[in-house]
Amino acid sequence: MNTLKQAKIGETIKVVKLHGEGAVKRRIMDMGITKGVEITVRKVAPLGDPIEITVRGYELSIRKADAEMIETE
């Protein structure tokens, strides 16, 4: 299983599934990260947290823990 956390800078990936439950999953979905959407990894902070991505035409920073919940292909 590949996750968003494992993606390299500049890579464009497609979301396959969201893991997690309740409020955490809802927050990720509210940010526009849903099944089938393409995500481009723009930057990763020196210690790996947060990760800056482009999704649906806007830039977003997410935590490493949240990135682990996003399964990609």
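Here, every reference points to the structure presented above.
Cut-offs and rules
- Residues numbered from 1 in each chain as written.
- Predicted model: local features only at pLDDT ≥ 70, side-chain atom pairs only at ≥ 80, totals over all residues.
- Heavy atoms only, no water.
- Salt bridge = Lys/Arg side-chain N within 4 Å of Asp/Glu carboxyl O.
- Helix = DSSP H or I, 4+ residues; strand = E, 2+ residues; numbered from the N terminus.
- Buried < 20%, exposed > 50% of the residue type's maximum accessible area, 1.4 Å probe, protein only.
- Pairing = 2+ DSSP bridges.

(A) Seen up close, the pattern of salt bridges. Following the criterion strictly, the structure yields six salt bridges and no others. Between aspartate 30 and arginine 26 there is a salt bridge whose closest N-O contact spans 3.5 Å. Pair noted here: aspartate 30 and arginine 26 are both in helix 1 (residues 22-30), with a separation of four residues, about one helical turn. Owing to a relative accessible area of 56%, aspartate 30 belongs among the exposed residues under this scheme. Looking at arginine 26, the relative accessible area reads 47%, which means it is partly exposed. Between glutamate 52 and arginine 42 there is a salt bridge; the shortest N-O distance is 3.8 Å. One end of the pair, glutamate 52, is in strand 4 (residues 51-55); the other, arginine 42, is in strand 3 (residues 38-44), and ten residues separate them in sequence.

(B) Layout of the sheet that holds strand 5 (residues 58-62). Spatially, 1-6-2-3-4-5 is the arrangement adopted by the six strands of the open sheet, whose pairing is antiparallel. The outermost strands of the open sheet, each flanked by one partner alone, are strand 1 (2-3) and strand 5. Direction of pairing for strand 2 (residues 12-18) relative to strand 6 (residues 70-72): antiparallel, over a ladder of three bridges. Opposite valine 15, over in strand 6, you have threonine 72 as the bridge partner.

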